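# Structural overview
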Amino acid sequence: MLFQFSKKPHRPEHIFEEKGRIGRLSQIRELVLGAQDGLLVPLGVVSSVAGAFSNNNIVIVAGIAEALAGGLSMATGVFLSSQAQRQVHILEIEKEKEAINTYPEDEREELVLVFEKEGLARNDAETVVKKIATSPKSFFTTMIQKELGIDPEPPGAPMKDALYVGFSYLVAAAIPIFPYFFMQPQQALIWSILFTLIALFVIGILKATVAGLPLLKSGVQVLLIGALSGIGGYVLGSYLPHLLGIK
């Protein structure tokens with residue numbers, strides 16, 4: 001059984017806390033996203049460079065360069081995508097607000113049709129809409145949710161999302177690079193992959209905890225993805241230079 005309801009007394013007023021709780025879960029999602037990429041991409045880079053050049057300095061420089069570029073790229077990408085999503089929502093909300101002010105009767109009829117489609121009889125749907133329309137705020141909120149399928153409050157916080165992803169990427173990227181500061185290339189490669197796989201397994205567990213999925217399955221799934229990435233990067237780095245005549 002994946003989900004269990006809390007045995008604490010149910011409080012109807014907890015509904016006002018749910019939006020904040022979901023927002024915090026979204027922040028965990030951003031952290032997991034950044035950390036997972038921060039492990040996999042640098043692991044592929046340092047593994048391929050270690051396979052091509054038995055020189056720790058080259059591996060470290062390549063790893064740090066990728067970590068900085070990758071962290072910045074992830075942060076800016078998340079910022080722009082979150083900002084774009086927010087701007088689209090704001091535009092659609094403003095258009096709907098204008099429609100409600102300009103064509104109030106048509107908008108009420110639209111809401112009646114929505115409730116009819118959801119199973120209410122025509123008379124009941126009209127009664128519900130009439131009651132909702134007595135509160136402009138309730139009517140506006142209901143129209144946004146029912147017609148557009150979005151929340152009246154624009155989603156996301158672009159700067160915060162970007163900082164979460166960029167920070168988690170940089171922290172995670174240090175894990176596959178770290179062994180090359182203290183070990184010989186071949187030994188460092190083994191420990192780099194090992195540490196990364198452990199970290200990936202932990203991330204899989206965290207993802208499963210947030211999403212309510214089987215813990216072991218999620219941990220193993222993310223771990224296997226990381227293993228394939230590390231092996232693929234090392235093989236590519238070992239054989240590509242020969243094919244290109246570099247080594």
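Cut-offs and rules
- What you see as residue numbers is a count from 1 along each chain, following the sequence as written.
- Thresholds applied to this predicted model are a pLDDT of at least 70 for local features of residues and 80 or more for the giving and counting of side-chain atom pairs; totals over whole chains, interfaces and linings are not thresholded and use all residues.
- Values shown for side chains rest on all heavy atoms present in the structure; no hydrogens or waters enter the calculation.
- Here a salt bridge means any side-chain nitrogen of Lys or Arg lying within 4 Å of a carboxyl oxygen belonging to Asp or Glu.
- Burial classes follow relative accessibility: with a 1.4 Å probe on protein chains only, a residue under 20% of its type's maximum area counts as buried, one over 50% as exposed, and anything between as partly exposed.
- Runs of E in the DSSP output that reach at least two residues are strands. Runs of H or I that reach at least four are helices, and both are numbered from the N terminus.
- Two N or O atoms count as a polar contact when they lie within 3.5 Å, although within protein this holds only if one can serve as hydrogen donor and the other as acceptor, and sequence-adjacent residues are included solely when both atoms are side-chain atoms.
- Stacked, edge-to-face and tilted labels apply to pairs of Phe, Tyr and Trp rings (six-membered ring for Trp) whose centres lie within 6.5 Å, assigned for plane angles under 30 degrees, over 60, and everything in between, in that order.
- Each axis is a line fitted through C-alpha atoms, and for a helix only the stretch in contact is used; angles between axes span 0 to 180 degrees, taken between their N-to-C directions.
- Any angle that falls under 35 degrees is termed roughly parallel, while one over 145 is termed roughly antiparallel, one within 65 to 115 roughly perpendicular, and all others oblique.
- Two helices cross in a left-handed way if the nearer one is turned anticlockwise from the farther one by less than a right angle. They cross in a right-handed way if the turn is clockwise.
- Note on definitions: a residue-residue contact is assigned when non-hydrogen atoms from the two residues lie within 4.5 Å.
- What is meant by a nonpolar core is a set of buried Ala, Val, Leu, Ile, Met, Phe, Trp, Tyr and Cys residues, joined one to another through side-chain atoms within 4.5 Å.
- Multiply 1.5 Å by the residue count of a helix minus one, and that product is the helix's expected span.
- Residues are grouped as follows: nonpolar covers Ala, Val, Leu, Ile, Met, Phe, Trp, Tyr, Cys and Pro; charged covers Asp, Glu, Lys and Arg; every other residue, Gly included, is treated as polar.

Oppositely charged side chains can form a pair if their charged atoms are brought close together. For the structure on display, the rule yields 7 salt bridges. Put simply, Arg122 and Glu116 hold a salt bridge, and the shortest N to O gap is 3.0 Å. Among the residues examined, Arg122 registers a relative accessible area of 30% and is labelled partly exposed. Using a relative accessible area of 28% as the deciding quantity, one classes Glu116 as partly exposed. The salt bridge involving Arg122 is made with Glu126; its shortest N-O contact spans 2.8 Å. Here Glu126 and Arg122 lie together in helix H4 (residues 122-132), a separation of 4 residues that amounts to about one turn. For Glu126, a relative accessible area of 34% corresponds to the partly exposed category. Shared partners join several salt bridges into a network, and the residues in it are Glu109, Glu116, Arg122 and Glu126.

With that settled, consider the side chain of Ser82. Tracing the backbone through its elements, the reader meets Ser82 in helix H2 (residues 56-102). The buried category is assigned to Ser82, whose relative accessible area is 5%. Polar contacts involving the side chain of Ser82 include one to the side chain of Asp161, which spans 3.2 Å.

This model, assessed by the stated rule, comprises 3 aromatic pairs. Ring centres of Phe181 and Phe182 lie 6.4 Å apart, and the angle between their planes is 50°; this geometry places the pair in the tilted category. On the accessibility criterion, Phe181 (47% relative accessible area) is partly exposed. Overall, the relative accessible area of 63% leaves Phe182 in the exposed class. Residues Trp191 and Phe195 carry aromatic rings whose centres are separated by 5.4 Å and whose planes lie at 45° to one another, so their mutual orientation is tilted. Taken together, the residues span about one helical turn, with Trp191 and Phe195 both in helix H7 (residues 185-211) at a distance of 4 residues.

Relative to each other, helix H3 (residues 104-117) and H4 sit at 130°, their axes nearing to 9 Å. As far as their axial angle goes, H4 and H3 are oblique. Judged by the twist between their axes, the crossing of H3 over H4 is right-handed. Residues Arg108, Glu109, Leu111, Val112, Leu113, Phe115 and Glu116 of H3 touch H4, and the partners they reach there are Arg122, Ala125, Glu126, Val128, Val129 and Ile132.

This brings us to the nonpolar core. Nonpolar side chains in soluble globular proteins generally cluster together in the buried interior. Counting 13 residues, the largest nonpolar core has Leu111, Phe115, Val129 and Phe139 as the members making the most contacts within it. When contributions to this core are tallied by element, the ones reaching two or more residues are H2, H3, H4 and helix H5 (136-148). The dominant element in this core, judged by the number of residues it contributes, is H5, at 4 residues.

Helix length check: H2, at 47 residues, gives a terminal C-alpha distance of 68 Å against a target of 69 Å (1.5 Å per residue), a fit within 8%. Looking at where H2 begins, the residue whose side-chain oxygen comes 2.9 Å from the main-chain nitrogen of Asn57 is Asn55.

Let us now look at the packing of H3 against H5. It is at 11 Å that the axes of H3 and H5 come closest, and there the two elements cross at 55°. Considering the angle they form, H3 stands oblique to H5. The chirality of how H3 crosses H5 is left-handed. Counting all contacts with H3, which are made through Glu107, Arg108, Glu110, Leu111, Val114 and Phe115, the residues of H5 involved are Phe139, Thr142, Met143, Lys146 and Glu147. Taken together, the residues of the contact of H3 with H5 break down into 5 nonpolar, 1 polar and 5 charged.

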